[in-house]
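Examination of the molecular architecture
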Amino acid sequence: MITFDSVTKRYPDGFVAVDDLSLEAETGQITVLVGPSGCGKTTTLRMINRMIDATEGQILLDGSDVRQIDPPTLRRGIGYVIQQAGLFPHRKIVDNVATVPYLLGWEKKKARDRAMELLERVGLDPKMAQRYPFQLSGGQQQRVGVARALAADPPVLLMDEPFSAVDPIVRTSLQEELLRLQAELNKTIVFVTHDIDEAIKLGDKVAVLRVGGKLAQFAAPKTLLSEPADDFVREFLGRDRGIRRLSFVSSSYLKLRTDLTVTSSSAAGPSDDAWLMVVSEDGKPVGWLDRDEPFGTYVHGKDSLRAALDAALLSSSGQAVALDESGRVVGVATRKALDEALSEAADG
Amino acid sequence: MDDEQPLFRWSWVESNWNSDSPNSIVNLLEAHVVMSLVPVVLGLLVSLPLGLACVRWRFLYQPTSAVMNVIYALPSLPLFMLLIPQTGLTRMTVIIPLTFYALAVLVPAVVDGMGSVPDHVRQSAVAMGFTPLRRLVQVELPIAVPVVLAGLRVVTVSSISLVSVGALIGQGGLGNLFTDAFQRDFYTPAIAGIVLIVLLALVGDGIVLAAQRLLTPWMRARRAS
Ligand SMILES: Nc1ncnc2c1ncn2[C@@H]1O[C@H](COP(=O)(O)OP(=O)(O)O)[C@@H](O)[C@H]1O
Ligand SMILES: [Mg+2]
């Protein structure tokens, strides 16, 4: 756990970049610092590994004051990823990744084996290992940056706008990669971004900072969306807070109807004006019975209520087709079921 | 010059190639190599700490480069005059000014080389737990190498060419062949001297270039991409 206890940073020119900040980044969770440019996010992050020293207050890493630890030693135990990746242009990818193991005095072979393992882990072709950073795309360099930060298996990872410089598609895949990795590794991650959507997507908890380095709100994404602390946070969150909040409600609350599906063989049914979903032999959705109209699907229990609602809006019937994880139909969510789930979600 | 003299006489080269005389071509070549190489090596050895000090303490750079430039602007002859009382008509009288010329090019090259290290690379080295010395040796200097070696190429070639000026005090290496030639209206030595100096410069430049290739395989990757 990383604890900020009334931390203030005043730069030599008198500018206060972080003002009396207190917050806790839980072990094994992603804590996101978000806010407009210049609000002190980078300063806050760098006070953790002492690239910047706090002027007042203290920062505790699992209970011990970071100032009691010699900076190089402290930093070798904390992974760090930055926007431009910061790879060493003169070193091959494999040696870039092995940087901290080398610093820790590992044998060269062991360090390189570990680097190769990590390259694979972050989804990079092992062939890349012998290349130089210039020969990689921005997204690939960023993956190498993540691999490098993880090389010595540090419990803590600091990430400063790591995905801001890549295009949106690559960014999305990097974000998903990070969530997948985190599910395996359970690091204590402090993630800085100016993008509120990224914050909400990645954060277990999100700290919204305002210019002047003041904490505006520190809460789970869902709470942030439903109960913004003030106008600044509300404005920063932007539009569609209600809809976006549904991303955090599970679709498992939806009551499904199983009597609205028919197998293709038993073609006839009680079709007065009900929409019936035709299901193939192996359980896959085929289409509406006797109606050549589009239908939308979601994965029941795994997808959010927002995804279910989206599926319903794509169906001419206004009903969402619920699938299990292998793509077989488990039922249909009717408008009534959606309505009930929505009003329940609105109540909190 | 009534009787047709050929511009170049091989026989002269053959008879002067390796005699006991201090002015044999081989001896002059040796003197030339020493007098041009020593300033380059000394210049490199001194410019590294000096350049790094100028990077570390920025305020030093301005006065240092001002002094270097003034020395660089001084013609060689008065410099020799200044030095002769101390060093006499020796090789040192040539080596010392050439070392200062080398510094005038190499100190800025070291400063620019360190400036060519991208800030995010330096920051990430700090963040990963490099100590300052290790960061310098393993990250900053290797990245500065291309810029420093570009300076070194200039210095090597100009040093080889400038040694000839030492002929003014009888210490010009192959340059001594010029005075000989102009005094006697006999051009063979001059032509031999020019050819050998150019060849020497090409070899020197080639060696630095080879060192650069060897030290910076990553630059080729960069050029290719
Ligand atoms: N070394 C410094 N000296 C003075 N002011 C600084 C220094 N570094 C950053 N600042 C100022 O502190 C504020 C916060 O900077 P930073 O933490 O980088 O913000 P963010 O990462 O949120 O964009 C900015 O207004 C910036 O200009
Ligand atoms: Mg920043």
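Residues numbered from 1 in each chain as written. Chains lettered and ligands numbered in written order. Predicted model: local features only at pLDDT ≥ 70, side-chain atom pairs only at ≥ 80, totals over all residues. Heavy atoms only, no water.

1. Topic: the overall build of chain B
- When its secondary structure is counted, chain B shows 10 helices and zero strands.
- What you see in chain B, going N to C, is helices and strands ordered as α-α-α-α-α-α-α-α-α-α.
- Each of the three principal axes of chain B carries a C-alpha extent, and together these read 80 × 45 × 30 Å.
- Scored against the burial criterion, the 225 residues of chain B give a buried share of 44%.
- A fraction of 71% describes how many contacts in chain B between residues 6 or more apart in sequence connect residues 24 or more apart.
- Surface summary for chain B: the accessible area is close to 11700 Å², and the carbon and sulfur share equals 68%. (Helix = DSSP H or I, 4+ residues; strand = E, 2+ residues; numbered from the N terminus. Buried < 20%, exposed > 50% of the residue type's maximum accessible area, 1.4 Å probe, protein only. Contact = heavy atoms within 4.5 Å. Areas by Shrake-Rupley, 256 points an atom, 1.4 Å probe, with all protein chains shown as cover.)

2. Things to note about the sheet that holds strand β14 (residues 296-299) of chain A
All names here are of chain A.
- As summarised here, the arrangement of the three strands in space is β14-β15-β16, forming an open sheet in which the pairing is mixed. Looking at strand neighbours, the two that pair on one side only are β14 and β16 (329-333), the edges of this open sheet. On average, each strand axis in the sheet is tilted by 30° relative to the strand beside it, whichever way the strands run.
- One ladder, built from four bridges, connects β14 with strand β15 (residues 320-323); its direction is parallel. (Pairing = 2+ DSSP bridges. Axes fitted to C-alpha atoms, helices over the stretch in contact; angles between N-to-C directions.)

3. Points about the pairing of strand β7 (residues 156-160) of chain A
Residue and element names in this part refer to chain A.
- Of all five residues that make up β7, five are buried, and the element is covered over most of its length.
- Here β7 shows no split at all, with V156, L158 and D160 on one side and L157 and M159 on the other all buried.
- Pairing of strand β6 (residues 78-82) with β7, which is carried by five bridges, proceeds in the parallel orientation. Residue pairing in the sheet places I78 in a bridge with V156 of β7.
- Across five bridges, the pairing between β7 and strand β8 (residues 188-193) is parallel.

4. Thoughts on the UniProt feature "domain: ABC transporter" (unreviewed entry) in chain A
- In the numbering used here, UniProt assigns the feature "domain: ABC transporter" (unreviewed entry) to residues 2-237 of chain A.
- The span residues 2-237 of chain A is 38% helical and 25% strand by assignment, and the distance between its end C-alpha atoms comes to 25 Å. (UniProt positions renumbered as here; feature names shortened; annotations may be inferred.)

5. Here we look at the domain arrangement of chain A
Residue and element names in this part refer to chain A.
- With domains assigned, chain A is organised as domain 1 (2-248) and domain 2 (251-346).
- Each of domain 1 and domain 2 has a C-alpha centre, and the two are 40 Å apart.
- The interface is formed by five residues belonging to domain 1 together with six residues belonging to domain 2.
- Roughly 500 Å² of surface becomes buried between domain 1 and domain 2 when both sides are summed, with 62% attributable to carbon and sulfur atoms.
- Together, I243, L246 and S247 form the three largest contributors to the area buried by domain 1 at its contact with domain 2, with a combined 79%.
- In this structure, the connection of domain 1 to domain 2 is made through zero salt bridges.
- The interface formed by domain 1 and domain 2 holds three residue pairs in polar contact (both at pLDDT 80 or more) in total.
- Residue composition of the side of domain 1 that touches domain 2, by class: two nonpolar, one polar and two charged. (Domains from an automatic or database assignment. Buried area = accessible area lost by both parts, 1.4 Å probe. Salt bridge = Lys/Arg side-chain N within 4 Å of Asp/Glu carboxyl O. Polar contact = N/O pair within 3.5 Å; in protein donor to acceptor, adjacent residues only side chain to side chain. Nonpolar A, V, L, I, M, F, W, Y, C, P; charged D, E, K, R; others polar.)

6. Brief notes about empty space enclosed by the protein
Residue and element names in this part refer to chain B.
- Taken as a whole and judged by the stated rule, the model has seven cavities of 30 Å³ or more.
- Of the pockets and cavities examined, the largest cavity occupies roughly 70 Å³.
- Residue assignment for the lining of the largest cavity shows that the elements contributing at least two residues are α2 (25-56), α5 (91-115) and α7 (132-162).
- Considering only residue class, the lining of the largest cavity consists of nine nonpolar, two polar and no charged. (1 Å grid on protein atoms, 1.4 Å probe; cavity = no way out; pocket = protein on both sides within 12 Å on 5 of 7 lines; lining within 4 Å. Points joined across faces, edges and corners; volume = space filled by probe spheres on them.)

7. Quick notes on the side chain of A:S304
All names here are of chain A.
- Looking at the secondary structure, you find S304 in the loop between β14 and α12 (305-314).
- Take S304: its relative accessible area is 15%, and that puts it in the buried class.
- Every residue in contact with S304, bar those within four places of it in the chain, is listed here: L246, S247, V249 and S251.

8. Re the interface of chain B and chain A
- Between chain B and chain A, the contact holds 21 residues from the first and 24 residues from the second.
- Interface of chain B and chain A: buried area, both sides summed, is about 2100 Å²; carbon and sulfur atoms make up 69% of it.
- Looking only at chain B, the three residues that lose the most surface to chain A are B:A127, B:M128 and B:W218, adding up to 29% of its buried area.
- Linking chain B to chain A there are zero salt bridges.
- Across the chain B-chain A interface, the total number found is six residue pairs in polar contact (both at pLDDT 80 or more).
- Residue contributions to the side of chain B that touches chain A peak at seven residues, all from helix α6 (residues 119-127) of chain B.
- Among the residues making up the side of chain B that touches chain A, the classes are represented as 12 nonpolar, seven polar and two charged.

9. Section: the pattern of salt bridges
All names here are of chain A.
- Applying the stated criterion to the full structure yields 24 salt bridges over all chains.
- Among the ionic pairs, E177 bridges to R143, the shortest N-O distance being 3.4 Å. Placement of E177 in helix α7 (residues 168-185) and of R143 in helix α6 (residues 138-150) is noted, with a sequence separation of 34 residues between them.
- What makes R143 buried here is its relative accessible area of 15%.
- A salt bridge links K201 to E176; the shortest N-O distance between them is 3.3 Å.

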